[in-house]
Every structure is written in structure tokens, then in C-alpha cells.
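# Descriptive structure summary
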There are 2 protein chains.
Amino acid sequence: MTRSEENYLKAIFHLGGQNSKLIATNAIAEQMETKPSSVTDMAKKLAEKGLLHYKRYQGVTLTPMGVKTALAIIRKHRLWEVFLVKKLDFTWDEVHEVAEQLEHIKSEKLIDKIDALLEYPKFDPHGDPIPTKTGEFQERAKQLLSELPIAAQGVCVGVKDTSSTFLKFLDKNSIALGNTIHILDKEDFDNSLHIQIEGRELQISNQIASNLYVKTA
Amino acid sequence: MTRSEENYLKAIFHLGGQNSKLIATNAIAEQMETKPSSVTDMAKKLAEKGLLHYKRYQGVTLTPMGVKTALAIIRKHRLWEVFLVKKLDFTWDEVHEVAEQLEHIKSEKLIDKIDALLEYPKFDPHGDPIPTKTGEFQERAKQLLSELPIAAQGVCVGVKDTSSTFLKFLDKNSIALGNTIHILDKEDFDNSLHIQIEGRELQISNQIASNLYVKTA
DNA sequence: AATAATATTTAGACAAATCTAAAAATATGT
DNA sequence: ACATATTTTTAGATTTGTCTAAATATTATT
Ligand SMILES: [Mn+2]
Ligand SMILES: [Mn+2]
Ligand SMILES: [Mn+2]
Ligand SMILES: [Mn+2]
């Protein structure tokens, strides 16, 4: 498996290619920041290798083997992210770029030892689930903060937007995973929220609220 | 810098290219397990980039920039080896292959944090010196065990042969870096040694003795 | 000094991964 | 349904790193 092949599989997985849903060439090209013609070439190659099903002009879906391979890479990516944060004091907005490189290191022993060192974490610094060695993982029951009604409360468990800008904004406002958020009021005009978090009161826009995942009791 | 370029620089450094000694095309090809014609192509490219001096039919030497780059990669390689041994319980015969991959990860912050986590080690698991962030390092005063006279003693500080076979042999015979070795006797016929190490007495061939570095008091 | 052996370079090919531009298929709108 | 817009594929080119085979330069031997 080349690095490029691994990146295609990961992108297709993130677009939903695991549930026999046909993923369009253009969608993959956009996700990978490449051209559709390049995607077509790679789709043929990966189909040849038995990692995905490719129907000309229709799109691709991952085979069981393709899903397994994608999950192994996602597992590595997320474990490295946890390692960087927990062991090397990286901030959660710094880890993605480095993990993009580390996820391609080929050593089963290495990633299993990292997993053990971290005591088998279930979620990465952004709240995304970490597949086990055998590829199992459960998505946490969660919803967007923006979907909660007035007076509801939830624990912050993840972010939808993982951009550095957004993550730094959250840091600046001391909003972190694990924090409990109460919705005090919602503004009809722009859906902005008046919330209480860790004793403080805060006003946040709908754009913020619709990029924060919470778990309700 | 591509991975391939980095590997060429490292190989040339290991062949002595830092001391304005001309390194032959064939020597590089052998070290890299590639063909001389490939080396010529790469030599032109690296010369173009100012990383080495290339004289047609004569060989190459590293420029100051080339030395600096090579040392940065060697630093990463050796720090990762220490990390694998100290933090993840890898054995010293397992680390090289993985370090060959990890040395190409591009993140200054990452390697500096690994350095700090390990408390700035000066030597890797095979006794080789680790360059600092600024590229300084001193080779430890050492000599081959085979060069010591009868009755001399020394502390084991490194290995010349870093092959898995040799390292595993040393493990099996409980010979480790840091051990003190006394030369009890030397056999004229085959230069094999009768040694005392950590209380035990052992008979070792000249081939073993000429791959073990010791530091004398 | 001429010849033979060795080392190095050049020329041309190939595989991987990408791109642009043109062609073909599919989807959309009236 | 048919013209138009969009999506996807194909054809051909490019870059990087490699290879083989032939040509050229250097070194060693007589
Ligand atoms: Mn990430
Ligand atoms: Mn993440
Ligand atoms: Mn090594
Ligand atoms: Mn080493």
C-alpha cells in the first residue's frame, strides 16, 4: 500500500464509502484536493487490488477489505493525535498535520505499543472514536449544541469543524471537551445562544453552536 | 526535501562525505542498494540544490548545508530509536527499521518534544552519538574490544555491526552496553578471547570482539 | 605507452501519481 | 423529449525516481 492509496481509502471512508453508498468521483477529488481524472485512475487501481468496487460513471464503495484498511489508518491517525496531546503537550489544533504523516508509518507493533502506552483511549482529542485493532468502534450518541432546546444541558464531547481557527477560538473562550453546557436562552433572530459553561455565562453564535457536539443525559 | 533525497544525504554522510573526502558513485550505490546510474542522477539534483559538490567521474562531498541536513535526519533517526526502546519496550534489534520511517516525519516541534521527553539523550541504543538541535555531537572515545591487550578492561559502549543477528547474539549471551569486560586471555591461533563480564566468564570469537566497542579507563 | 579492467555517465525506458484538454456519459430543465 | 449543463472518463503530457544497456572516462597492468 502506497501513501497515496491509503489517503484515497481514508477519504472515501470519510465520505461514507463503507455503507455501500456510491461515492462520486468529484466528491473524492474535492476531499483530496486533487482532480477528478486522478481519482478515476486511482479508483481503477484500488478496484484492481480488491479494495473498492468501481462502477464507471457511477462512483465507488469500499469492499470489506477496503473498510478494514481505511479503519487501520484512521486508528493510527487518531492514536497518534492522542499521543501528541497527552505525552508531548501538543494542543488539539496542532496535531492533525503531524498525524497525517504518522498515520502512514508501517509497524503493527509500534501502533499497538502506542495504544497500550495511552491506555487504550476510545476517543481522539477532537472527540472522534478510535477503532480497535480489529476495526471495531462505536460512534458516541451525540448531537449538535445548536439542536438543543432552551433549558437543556449537555456535556461537550466533540467538534464538527476541526480547523485550527475554530479550535483556537474554543481555547480562547475556555470551552473544552468534558465541559457541561446549559442553554439559558436562544435568540430567535439569529439562533445565537446564551449559555452557561463551567460557572461562566457566554453568548455564542449559531455557527459556533452548530460545530460543537454534546451528549445529553 | 523528498524522502529519497534525505536518504542519499544520510548515506553520503555515513560514508564520510562531511570531511571534504570525495565519495565514489559506486560506494553510494552499494550503501543505498541502488544502481550507480541512479546515484549519478541524484548527485546532479542534490548539487543543483546546493547540498553537495559533485565532480563528474570524481565523486561527491557534502556542502555545509548538506552536512546540516544529514545531521538533522540522523538526529531524528537516533532519537526515535531511543524512544522506541525507552518508552515502548522495543528491543535494540527491532528499532532500526521503524526509525528508518520515522526519521522522515517533518515536524521540528515533534522531534524537540521527543528529545525533551527522553531527557536529551546523548547516545542511541547502539551507542551512536545523537547530534543536538544545532548539529553538534562528539564521537565517544572508543576502541574495538579486539584491539585491547590481555589483562586490559573496558566498558562496552557500542556495536559496529548493528544487524539483528549480532544484536540478538549479544542479548542471548547477556552482553549489554554498560557492562565491564576484562580480557583474561587471547588465543594466538584465531584471536578468540577469554573474557570476564558481569561475574561470568565467556569465550568469544574475534569476529564478535571486532564488532564491540569499549571505552577504556 | 598501449591494453585491459573498472568506474562512471549518458541515453532511453518504465512505473507511479499527477495534471490539462478533449470526448463521452449522465443529469437537469423546460 | 430534447437541448443544455454537469460529471466523468480518456488521451496524452509531466515529474520523480528508478532501471538496463551502451558509451565514455579513469585506473591498473603488462
Ligand atoms: Mn486529524
Ligand atoms: Mn482528530
Ligand atoms: Mn538505526
Ligand atoms: Mn542506532
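Structure's up top.
Right, let's walk through the structure included here. (Residues numbered from 1 in each chain as written. Chains lettered and ligands numbered in written order. Predicted model: local features only at pLDDT ≥ 70, side-chain atom pairs only at ≥ 80, totals over all residues. Heavy atoms only, no water.)

## Re the packing of helix H4 (residues 64-88) of chain A against helix H6 (residues 108-117) of chain A
Residue and element names in this part refer to chain A. Inclusion rule: Orientation is described by lines fitted to C-alpha atoms, with helices fitted over the stretch in contact, and by angles between N-to-C directions that extend from 0 to 180 degrees. Numbered from the N terminus, helices here are DSSP runs of H or I no shorter than four residues, and strands are runs of E no shorter than two. Should an angle fall under 35 degrees it is called roughly parallel, over 145 degrees roughly antiparallel, and 65 to 115 degrees roughly perpendicular, with every other angle called oblique. The hand of a helix crossing depends on one turn: near helix anticlockwise from the far one by less than a right angle means left-handed, and clockwise means right-handed. Note on definitions: a residue-residue contact is assigned when non-hydrogen atoms from the two residues lie within 4.5 Å. Residues are sorted three ways: Asp, Glu, Lys and Arg are charged, Ala, Val, Leu, Ile, Met, Phe, Trp, Tyr, Cys and Pro are nonpolar, and all the rest, Gly among them, are polar.
The N-to-C vectors of H4 and H6 enclose an angle of 45°; their axes lie 10 Å apart at closest approach. Taken together, the axes of H4 and H6 lie oblique to each other. Once H4 is placed against H6, the crossing between them reads as left-handed. On H6, the residues touching Arg75, Lys76, Leu79, Trp80, Phe83 and Lys87 of H4 are Leu110, Ile111, Asp112, Ile114, Asp115 and Leu117. A breakdown of the residues in the contact of H4 with H6 according to their chemical character gives seven nonpolar, no polar and five charged.

## As for the packing of H4 of chain A against helix H5 (residues 95-102) of chain A
Think of two packed helices as two axes; the pair is described by the angle between the axes and how far apart they sit. Residue and element names in this part refer to chain A. Running from N to C, H4 and H5 point in directions that differ by 130°, and their axes come no closer than 9 Å. Taken as axis vectors, H4 and H5 run oblique relative to one another. The hand of the H4/H5 crossing is right-handed. Residues His77, Trp80, Glu81, Leu84 and Val85 of H4 touch H5, and the partners they reach there are Val95, His96, Val98, Ala99, Glu100 and Leu102.

## Quick look at empty space enclosed by the protein
Unoccupied space between atoms shows up once a probe the size of one water molecule is rolled over them. Residue and element names in this part refer to chain A. Where we set the bar: With a 1 Å grid spanning the protein atoms alone, the term cavity applies to any set of points in which a 1.4 Å probe fits but cannot get out, the term pocket to an open set with protein on both sides within 12 Å along at least five of seven lines, and the term lining residue to any residue with an atom within 4 Å of a point. Grid points are joined across faces, edges and corners, and a volume is the space filled by probe spheres set on the points.
Enumeration according to the criterion identifies one cavity of 30 Å³ or more in this entry. By volume, the largest cavity amounts to about 40 Å³. Taken together, Tyr8, Ile12, Ile28, Val39, Met42, Ala43, Leu46, Leu52 and Val60 make up the full set of residues lining the largest cavity. A per-element tally of the lining of the largest cavity places helix H3 (residues 36-48) first, with four residues. For the lining of the largest cavity, the residue count by class is nine nonpolar, no polar and no charged.

## Details of the nonpolar core
As a reminder of what qualifies: Take the buried residues of types Ala, Val, Leu, Ile, Met, Phe, Trp, Tyr and Cys, join any two whose side-chain atoms come within 4.5 Å, and each joined set is a nonpolar core. Using a 1.4 Å probe on the protein chains alone, a residue whose accessible area is under 20% of its type maximum counts as buried, one over 50% counts as exposed, and one in between counts as partly exposed.
Core analysis: the largest hydrophobic core is formed by 34 residues, its most contacted members being Leu110 of chain A together with Leu110 of chain B. At the level of elements, H4, H5 and H6 of chain A together with helix H4 (64-88), helix H5 (95-102) and helix H6 (108-117) of chain B are the ones that each hand at least two residues to this core.

## Structural notes on the coordination of the manganese ion (ligand 1)
All names here are of chain A. Just so we agree on the cut-off: Each metal's donors are the N, O and S atoms within 2.8 Å of it, or within 3.2 Å when it is Na, K or Ca, and because water is not part of the set, sites may look incomplete.
At 2.0 to 2.1 Å from the manganese ion (ligand 1) lie its protein donor atoms, namely His77 (NE2), Glu81 (OE) and His96 (ND1). On the primary sequence, the residues serving as donors to the manganese ion (ligand 1) are separated as H-x3-E-x14-H. Between the two metals, the manganese ion (ligand 1) and the manganese ion (ligand 2), the spacing is 3.5 Å, and Glu81 donates to both. Taken together, the residues Glu81 in helix H4 and His96 in helix H5 connect sequence positions 15 residues apart. Residue class for Glu81 comes out buried when judged on its relative accessible area of 1%.

## With respect to the sheet that holds strand S4 (residues 153-159) of chain A
Residue and element names in this part refer to chain A. This is how the line gets drawn: Two strands pair under a simple rule: DSSP has to find at least two bridges between them.
Pairing is antiparallel across the open sheet formed by six strands, whose spatial order is S3-S8-S4-S5-S6-S7. Bordering the open sheet on either side are strand S3 (143-144) and strand S7 (200-204), each of which pairs with just one other strand. Pairing geometry for S3 and strand S8 (residues 212-215), over two bridges, is antiparallel. The residue of S8 that forms the bridge with Leu144 is Tyr213.

## Considering the sheet that holds strand S6 (residues 193-197) of chain B
All names here are of chain B. Spatially, the six strands line up as an open sheet ordered S3-S8-S4-S5-S6-S7, and their pairing is antiparallel. Two strands close off the open sheet at either side, each with one partner strand: strand S3 (143-144) and strand S7 (200-204). Both strand S4 (residues 153-159) and strand S5 (residues 180-186) contribute to a ladder of three bridges, which runs antiparallel. Bridge pairing links Gln153 to His182 in S5.

## Here we look at the coordination of the manganese ion (ligand 2)
Bound to the manganese ion (ligand 2) are the protein donor atoms Glu81 of chain A (OE), Asp124 of chain A (OD) and His126 of chain A (ND1), situated 2.2 to 2.3 Å from the metal. Positions of the donor residues of the manganese ion (ligand 2) along the chain correspond to the pattern E-x42-D-x1-H.

## Let's talk about the relation of the copies chain B and chain A
Taken together, a rotation about one axis and a shift along it account for how the two chain copies relate. Rules: For the least-squares superposition of copies, only C-alpha atoms count, and only for residues with pLDDT at least 70 in both.
For the pair chain B and chain A, the best superposition has an RMSD of 0.0 Å and corresponds to a rotation of 180° with a translation of 0.0 Å parallel to the axis. Here the two chains are linked by the operation of a two-fold rotation axis. No C-alpha of chain B approaches the rotation axis more nearly than that of Leu102 of chain B, which lies at 3.9 Å.

## Focus: the layout of surface pockets
Our working rule: Marked domain ranges trace back to an automatic or database domain assignment.
Considering only enclosed or pocket space, the largest pocket measures out at about 1000 Å³ in volume. In this structure, the largest pocket is lined by 34 residues; those nearest its centre are His14, Gln31, Arg78, His96 and Thr162 of chain B. Elements supplying a minimum of two residues to the lining of the largest pocket: helix H1 (3-14), helix H2 (25-32), H4, H5 and helix H7 (164-172) of chain B. Formed jointly, the lining of the largest pocket draws a minimum of three residues from each of two domains, domain 1 (3-62) and domain 2 (143-216) of chain B. Taken as a whole, the second largest pocket encloses approximately 790 Å³ of empty space. Lining the second largest pocket are 26 residues, and of these His14, Gln31, His96, Glu100 and Thr162 of chain A sit closest to its centre. Listing elements by their share of the lining of the second largest pocket, those giving two or more residues are helix H1 (3-14), helix H2 (25-32), H4 and H5 of chain A. Taken together, the residues of the lining of the second largest pocket break down into six nonpolar, nine polar and eleven charged. Counting residues domain by domain, the lining of the second largest pocket receives three or more from each of domain 1 (3-62) and domain 2 (143-216) of chain A.

## Section: the protein's contact with DNA strand D
We count it as follows: One heavy atom within 4 Å of a molecule or strand is enough for the residue carrying it to be called near that molecule or strand. Under this definition, polar contacts are N or O atom pairs within 3.5 Å; protein pairs additionally need one hydrogen-donor-capable and one acceptor-capable atom, and for neighbouring residues in sequence, both atoms have to be side-chain atoms.
The full set close to DNA strand D counts 20 residues, and Thr40, Lys44 and Tyr54 of chain A together with Thr2 and Lys45 of chain B are the nearest of them. Within 4 Å of the protein, atoms of DNA strand D come from sugar and phosphate in 77% of cases. At 3.1 Å, a backbone N or O of Tyr57 of chain A approaches a phosphate oxygen of DNA strand D. A distance of 3.2 Å separates a phosphate oxygen of DNA strand D from a polar atom in the backbone of Lys35 of chain B. Elements supplying a minimum of two residues to the surface near DNA strand D: H2 and H3 of chain A together with H1 and helix H3 (36-48) of chain B. Its residues placed into classes, the surface near DNA strand D shows six nonpolar, nine polar and five charged.

Taken by themselves, the reported measurements are silent on function.
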